[in-house]
Amino acid sequence: MSLKNMSVSVKRFFDHFLTYLIISLFYLVGVSLLSYAVFKIYKGATIQDTTSLVAAAAAAISVGYLVQQIKQSVEQQKVTISKDLMIKFLDADFSKALRETKDYFKKNPTPEQVQEIDQNADLKKSILLVFNFFECVGIFYDEKRLDRDTIRELFTPLSAIIYDEAKPYIMHIKKEYTQEEASTIWVYWAAMNMDMARKAYLIRRDLRDVKK
């Protein structure tokens, strides 16, 4: 197992361990309180005397169950969103648009030349489809509504390469808006690329340390 995969596995293990530890503690508190209530009744206490204990036990168990359901719901949502993005990424129309976008910007057009995109409706449609796809991924990435480790595995360094090569056209589009509006255009895509680059740097640094 590579160092990168090992670190990801360790992180996931501790994330899951902490969550289930919290859930288990609520269940344990609930069962303990309920057991104590039964013990008191056995010793002669009335049901009325143990009402508060039973209520506290029920509350603790309910909270534990709620946390468990939220955890499962969040994980299921991450799986669903990630699956939908992968289906979109592998779609034939998107693959064609991605290929056209990569081929065009690999030619390193100048800022003046990228204006020709505006006169080519099909090319512009393909480019914007790709840009908006990565912005959508960036939004989910920022909100942690998908598995970030999986997204980094799939789109590093593809996402950053496309963004950097298309920078002249991105800047061209931003000029059409006010400074405030321009600062929001594909901002999540750019932020995701920065985080991916930072994570990649840390991984490379760890690998260098291991080699030493």
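Student: Any chance you could explain the side chain of E135 here in plain terms?
Tutor: Structurally, E135 can be placed in helix α4 (residues 121–142). The buried charged residue E135 lacks any salt bridge partner; its closest oppositely charged side chain belongs to K174, at an N-O distance of 8.7 Å. Excluding residues that lie within four positions of it along the chain, E135 makes contacts with T184, W186, V187, Y188 and W189.

Student: Honestly, the nonpolar core in this entry has me stumped. Any pointers?
Tutor: Inside soluble globular proteins, nonpolar side chains tend to come together where they are buried. By size, the foremost hydrophobic cluster in this structure holds 35 residues, and its most contacted members are F131, F134, F155 and W189. Secondary structure elements with two or more residues in this core: α2 (51–90), α3 (92–106), α4, α5 (148–155), α6 (158–165), α7 (167–174) and α9 (187–211). No other element matches α4, which puts nine residues into this core. Discounting residues that sit within four places of it in the chain, F155 has contacts with M86, F89, F133, F134, V137 and M196.

Student: Would you explain the environment of D118 in this entry?
Tutor: Within the secondary structure, D118 is located in the loop between α3 and α4. When the C-alpha atoms of D118 and I173 are compared, they prove to be 9.8 Å apart, with 55 residues separating the residues in sequence. Not counting residues within four places of it along the chain, the set of residues in contact with D118 comprises K124, Y169, H172 and E176.

Student: Help me understand unusual backbone geometry, please; the structure alone is not making it clear to me.
Tutor: The phi torsion of most residues other than glycine is negative, and most of the peptide bonds are trans. A cis amide bond links T156 with the next residue in sequence, P157, at an omega value of 5°. Mapped onto the elements, P157 comes out in the loop between α5 and α6. Positive phi values are uncommon outside glycine, yet N108 reaches one of about 50°. The residue N108 is located in the loop between α3 and α4 in this model.

Student: I'm lost on the packing of α3 against α4 in this one. Help?
Tutor: In a pair of packed helices, the angle between the axes and the distance between the axes together describe the arrangement. With their axes 8 Å apart at the nearest point, α3 and α4 run at an angle of 105° to one another. Compared by their axis directions, α3 and α4 come out roughly perpendicular. Across the interface between the two elements, F94, A97, L98, E100, T101, Y104 and F105 of α3 pack against L123, S126, I127, L129, V130, F131, F133 and F134 of α4. Grouping the constituent residues of the contact of α3 with α4 by class yields 12 nonpolar, two polar and one charged.

Student: Explanation requested: the environment of K96 in the structure shown.
Tutor: Tracing the sequence through the fold places K96 in helix α3. For the pair formed by K96 and S126, sequence separation is 30 residues and the distance between their alpha carbons is 8.0 Å.

Student: Where do I start with α6 in this structure?
Tutor: An α-helical turn contains 3.6 residues, so any two residues separated by three or four positions project in the same direction. Within α6, burial applies to L158, S159, I162 and Y163. For α6, the arc enclosing every buried residue in end-on projection is 130°, short of the 170-degree limit, so these residues lie on one face.

Student: In this structure, what is going on with the packing of α6 against α7? I would like to understand it.
Tutor: Relative orientation of the contacting elements α6 and α7 amounts to 60°, with a least axis distance of 4 Å. It follows that α6 is oblique to α7 by the angle criterion. Of the residues in α7, those touching α6 at Y163, D164 and E165 are K167, P168 and I170. Counted by class, the contact of α6 with α7 contains three nonpolar, no polar and three charged residues.

Student: Would you take a moment to explain the packing of aromatic side chains for this structure?
Tutor: Each aromatic ring pair is specified by the distance between its two centres and by the angle formed by the two planes. As enumerated under the stated definition, the model contains 14 aromatic pairs in all. Look at F94 and F133: their rings are 4.6 Å apart centre to centre, the planes differ by 50°, and that puts the pair in the tilted class. Within this pair, whereas F94 is found in helix α3, its partner F133 is found in helix α4, the two being separated by 39 residues in sequence. Using a relative accessible area of 0% as the deciding quantity, one classes F94 as buried. On the basis of relative accessibility, which here comes to 5%, the residue F133 falls in the buried class. Between F105 and F131, the ring centres sit 6.3 Å apart and the planes meet at 20°, which makes this aromatic pair stacked. One end of the pair, F105, is in helix α3; the other, F131, is in helix α4, with 26 residues separating them in the sequence. The two residues F105 and F131 agree in class, both being buried.

Conventions used here
Residues numbered from 1 in each chain as written. Predicted model: local features only at pLDDT ≥ 70, side-chain atom pairs only at ≥ 80, totals over all residues. Heavy atoms only, no water. Helix = DSSP H or I, 4+ residues; strand = E, 2+ residues; numbered from the N terminus. Buried < 20%, exposed > 50% of the residue type's maximum accessible area, 1.4 Å probe, protein only. Lys, Arg positive; Asp, Glu negative; His and termini not counted. Salt bridge = Lys/Arg side-chain N within 4 Å of Asp/Glu carboxyl O. Contact = heavy atoms within 4.5 Å. Core = buried A, V, L, I, M, F, W, Y, C linked by side-chain atoms within 4.5 Å. Axes fitted to C-alpha atoms, helices over the stretch in contact; angles between N-to-C directions. Parallel < 35°, antiparallel > 145°, perpendicular 65-115°, else oblique. Nonpolar A, V, L, I, M, F, W, Y, C, P; charged D, E, K, R; others polar. Arc of directions from axis to C-beta. Phe/Tyr/Trp six-rings, centres within 6.5 Å; stacked < 30°, edge-to-face > 60°.

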